[in-house]
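Topology and contacts: notes
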Amino acid sequence: MSIENLNNENVNSELQRFLEFSLGEEDYALPLLSVREVISVPETTPIPKAPSHFLGIMNLRGQVISVVDLRTKLKIKPKENNHEESVIIVDLNGMNLGIVVDSINKVLAFTTDEVNDVPEIESQVNAEYINGVYRKEDALTVLLDVAKVLDLKDLKAVGGLKSAA
Amino acid sequence: MEDFERELKEDFLEESLQLLEDSEQAFLALEDDNDSTDLLDQIFRLAHNLKGTSRAVGFGEVAEFTHEMENLILKLKTGEMQVNDFVVTILLECNDHITHMINTLRDDIEATFDNDAIIAKIISVVSGDTVGEAEVQAEAQVEEAPVAEVEEVAAEYFEEDPVEVVTPAAENFEEVPDAVMFDDSDFEEDGEAAEEVIAETVSEESNEEVEISNSAIESLREIGLSDEEIFKQLGIETAPKNDADEGLTIKKGEDIVAQTVVETEPVVAEAAPVNNVTDIKSAPKLPVQKEKPPKKKSEDESIRVALSRVEKLNNVVGELVILQTVLDQRRFVAIQDGLANKSIAQLGKLSKEIQEISMSLRMVPLKATLQKMNRIVRDTSKTLNKQVKLHLVGEDTEIDKTVLENLSDPLVHIVRNAVDHGLESTDGRIKAGKNEVGNVEIRAFHEGNNLVIQINDDGGGIDHNIIRAKAIECGLINPNKEIPPHEMIQYIFHPGFSTKEEVTEVSGRGVGMDVVKTNIEGMSGTIEVKTEMGKGSVFKVCLPLTMAIIDGMVIRVGGEKYIIPLSQVHESLKPTKEMMNKITGFGECLNLRGEVLPVFNIGQTLSRKMDDGESIDKIAIIIHNANFNFAVLVDDILHQQQVVIKKLGDEIRGRKGFMGSSILGDGKPSFILDLNELYSGSLKKNQNSIKENIARVA
């Protein structure tokens, strides 16, 4: 919907585009350039002994891709009776990953000036994976750093199963 | 620079690297056979060819340098100078220099060089005699062939060619007149010699290759691909010249491979005459190709182009096979029609055949890689003042291209080590009552689904006492611990381990063998060393033939499917109550024909839910492993099929026991389990207790 509007806008060099999606009732966004495609939730094959947010592996036209559920990872309660669940295939420096989200909302475009830093709050979760917060009118969108959400520690955790197995 | 000119230059650079490789081999051969006129002739042709072609395409400096080199070769040829080690060293140096020039030119086509130092060296060897130079020039002109004759011969070739698929070649052939126009200023005088050479080559080549072509085309037709499809798939019509090189790269007489090469062959043969006309002096190149056509293989650059196409083909074929499997598994359920059923079954056979062919395209012979070792051995032995003879066995053994690319470095290390550490000094050999010339043998062969490369030397062997002393010194082992000799020797693969007293130029930094081991294990291969004091050592490298496809057994664990490489499965059976024994504190054991095997439950290992029921309701898969045999319980064996291995993403790669994944007939991905790896930890940990327990049971 807003994609057309965006295309008509005068793109200044600092204008960045993000794909906004929902996890539960919260809005998050990813850099649009890291999004390869959006698909409906596929059938997955579970990965033995992987952390619980690893839903499994899927077949994307012959390519085998892992699918993760960010809601489990971020401890967000999924929407109920949701028919809009989708999977965003992201490309993180050549590594392809599917991310399950509750819904895809829109494409956001804003300049870096409009991004606020993460408020300094005591929090249980490590806020490192938040690149910033975009505020428009009264809604807030969290700009996610997916690589950090599933940070290296996780990658190792999975690889580290070597010793466990 | 005009595109046309640039293209010519680039073509030349591609070709010349091949010539250089050929000449390097020839120089090395010359060292063994000092008086071989044939070799000298060949070398002279190569050098001359290089000079002529480089001048024709406008690389003056290369030509100038080659000219000097040619003077030297001419002296050798006329007998004015004797071939000796020193001369060969100079020649090899020249070869390296040209290789360097060519490689630099490939990056920067306008590059310039400083040849003075090395030219001075050559001149000092030749000692400034000008007679030689004059002769060179006189001889040079003999090689030139009149256009008409070249055309005639080429035309003859096509007439002879019974293969119908000659169309694209014929089309390309029409380019010849253009090429002729381009360079006709270069034609001079007569060219009897060249004419003869071309005629001979062309006819021989054509006969030889047409044979392959025929059988190959037949087989492709059998598979039902139309000629156009084949061309299209291989992109022949778009890039005839490059493909000519690729054609040769893949060639190798093997039928399957030849099938795809088929349509490139005419082009190859055709491309050569074009070259001859374009650069008159390249006429002598053909004989070289005739003598050693497989050498073209080592042309890395052009094979890389081919590989991407081959990979694309492999991917598409992979998809085709998956779809076919779906169809096959469904056919009795969904299709009543007998003919349709039969067709699907036949389609299955065909797809499998196509898949085999497309997989085999990735296979290349080891030859080029092994031959590089000639040079390594020569240089190493010269530096160390040892006399070494290298024997190559099984050069034509084929292996997956990606495996080959990673093989070269480890091999160089092992071969160098064999010459440096393995073989004794000449004095040492005489004292030991051996022939003063040391032998290193590289033997390549297939063993099951593996390629084995064995590097043997007849040196002094590895002294496990020295290894032990060194290992204690490095703090790797406890001085009081007893370690059997054959295990002790494996410490040479330990990082930072080197027993050589002095660090030589060649080796001794201790960073060799552990890198070798890591590299080889990175390719899912293994390396073993065996040694006998006073007799020599054997390094045995085992590599998987291909990393892309395996025969798999599909098993069921609860509601999930997993794939086990069939090569790991020794047998499978349904255990009876009598066979299963429970040992408290250890677990279950399977008594199979007197052999007691530890039993693992795959559901527990992977934390998956299995069907309810006792062990005797499951299926036991027996795995034979180098260290230990064991049984793995699974819910069911579904079927066996060939699976295309898909790599796992970085996020789940490197998990122990997971080789990769594959897409099964239902379109869903499944994991391929490496049971040996999956249970290697458990075995080591439990090995002693297992043994004790088994001793108790038995």
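Since we're looking at a predicted model, the values are computed, not measured.

Examining the confidence of the model for chain A
Residue and element names in this part refer to chain A. Averaged over chain A, the pLDDT score is 78; the fraction of residues at 70 or greater is 78%. Put simply, helix α5 (residues 161-164) is where chain A has its lowest mean pLDDT, 34, and strand β3 (residues 35-40) is where it has its highest, 92. Residue range residues 1-12 is modelled with pLDDT below 50. Its contacts to residues more than four positions away, or to other chains, number 14 contacts. Low pLDDT, under 50, characterises residues 152-165; the predicted model gives this stretch 24 contacts beyond four residues in sequence or across chains.

What about the pairing of strand β6 (residues 526-532) of chain B?
Pairing between β6(B) and strand β7 (residues 536-544) of chain B: 7 bridges, direction antiparallel. Along β7(B), the bridge assignment pairs B:Glu528 with B:Lys540.

Observations regarding the packing of aromatic side chains
Applying the stated criterion across every chain yields a total of 7 aromatic pairs over all chains. A ring pair is formed by A:Phe110 and A:Tyr134, whose centres lie 3.9 Å apart and whose planes are at 20 degrees; its orientation type is stacked. Of the two residues, A:Phe110 sits in strand β8 (residues 103-110) while A:Tyr134 sits in strand β10 (residues 130-136), which places them 24 residues apart along the sequence. The class of A:Phe110 is buried, set by a relative accessible area of 0%. Taking 5.1 Å as the distance between ring centres and 90 degrees as the angle between the ring planes, the aromatic pair formed by B:Phe658 and B:Phe671 counts as edge-to-face. Of this pair, B:Phe658 sits in strand β17 (residues 658-663) while B:Phe671 is found in strand β18 (residues 669-673), placing the two residues 13 residues apart along the sequence. Under the relative-accessibility criterion, B:Phe671 is labelled buried at 1%. Grouping aromatic residues by their ring pairs yields a cluster made of A:Phe18, A:Phe110 and A:Tyr134.

Focus on helix α2 (residues 37-57) of chain B
Residues and elements named next belong to chain B. A rise of 1.5 Å per residue sets the reference length of α2, with its 21 residues, at 30 Å; its end C-alpha atoms lie 30 Å apart and thus fit the reference within 8%. The buried fraction of α2 is high, at 15 of 21 residues. Within two residues after α2, Gly58 carries a phi angle of roughly 95 degrees, on the positive side.

Description of the environment of B:Leu13
All names here are of chain B. Structurally, Leu13 is set in helix α1 (residues 3-32). On the accessibility criterion, Leu13 (2% relative accessible area) is buried. For the pair Leu13 and Thr104, spaced 91 residues apart in sequence, the C-alpha to C-alpha distance is 10.0 Å. Residue contacts for Leu13: discarding those within four places in its chain leaves Phe59, Ile102, Leu105 and Arg106.

A word on the pattern of salt bridges
Counted according to the given criterion, the structure contains 20 salt bridges over all chains. Note that A:Glu37 is salt-bridged to A:Arg36, the shortest N-O span being 3.8 Å. A:Arg36 sits in the partly exposed class, given a relative accessible area of 36%. Residue B:Arg375 pairs with B:Glu24 through a salt bridge whose shortest N-O separation is 2.4 Å. Of the two residues, B:Arg375 sits in helix α18 (residues 367-384) while B:Glu24 sits in helix α1, which places them 351 residues apart along the sequence.

Describing the sheet that holds strand β5 (residues 450-457) of chain B
Residues and elements named next belong to chain B. Read across the open sheet, the 5 strands follow the order β2-β4-β5-β7-β6; overall the sheet is mixed. With one partner strand each, in any of the chains shown, β2 (388-393) and β6 form the two edges of the open sheet. Put simply, the sheet's adjacent strands are angled 15 degrees from each other on average, direction ignored. Taken together, the 6 bridges between β2 and strand β4 (residues 438-447) define a ladder with parallel strand orientation. Bridge pairing links Lys389 to Asn439 in β4. Against the sheet, α18 engages β2 and β4, with an angle of about 170 degrees to β2. Across the sheet, helix α19 (residues 401-422) lies against β2, β4, β5, β6 and β7, angled at about 20 degrees from β5, the strand it touches most.

Observations regarding the environment of A:Ala29
All names here are of chain A. Within the secondary structure layout, Ala29 lies in strand β2 (residues 26-31). Judged by relative accessible area, which is 0%, Ala29 ranks as buried. Contacts of Ala29, omitting those with residues within four sequence positions, involve Phe18, Leu19, Glu20, Phe21, Leu108, Thr141, Val142, Leu143 and Leu144.

Describing the sheet that holds strand β15 (residues 629-634) of chain B
Residue and element names in this part refer to chain B. Here 6 strands make up an open sheet; going across it, the order is β10-β14-β15-β13-β12-β11 and the pairing mixed. For this open sheet the edge positions go to β10 (569-573) and β11 (580-583), each flanked by a neighbour on one side alone. Going across the sheet, the axis of each strand differs from the next one's by a mean of 35 degrees, ignoring polarity. Pairing of β11 with strand β12 (residues 587-592) involves 4 bridges; the strand directions are antiparallel. Counterpart to Met580 in the pairing with β12 is Leu590.

Re the interface of chain B and chain A
Contact with chain B, which involves 25 residues of that partner, is made by 25 residues of chain A. Applying the counting criterion to the chain B and chain A interface returns 1 salt bridge. Ionic pairing is found between A:Glu43 and B:Lys668, a salt bridge with its closest N-O pair at 3.8 Å. Seen at the junction of chain B and chain A, the total is 2 residue pairs in polar contact (both at pLDDT 80 or more). Sorting the residues of the side of chain B that touches chain A by element identifies β9 (560-565), α24 (602-606), β17, β18 and α25 (675-697) of chain B as the ones contributing at least two each.

Procedures and definitions
Residues numbered from 1 in each chain as written. Chains lettered and ligands numbered in written order. Predicted model: local features only at pLDDT ≥ 70, side-chain atom pairs only at ≥ 80, totals over all residues. Heavy atoms only, no water. pLDDT = per-residue confidence, 0-100. Helix = DSSP H or I, 4+ residues; strand = E, 2+ residues; numbered from the N terminus. Contact = heavy atoms within 4.5 Å. Pairing = 2+ DSSP bridges. Phe/Tyr/Trp six-rings, centres within 6.5 Å; stacked < 30°, edge-to-face > 60°. Buried < 20%, exposed > 50% of the residue type's maximum accessible area, 1.4 Å probe, protein only. Expected span 1.5 Å × (residues − 1). Salt bridge = Lys/Arg side-chain N within 4 Å of Asp/Glu carboxyl O. Axes fitted to C-alpha atoms, helices over the stretch in contact; angles between N-to-C directions. Polar contact = N/O pair within 3.5 Å; in protein donor to acceptor, adjacent residues only side chain to side chain.

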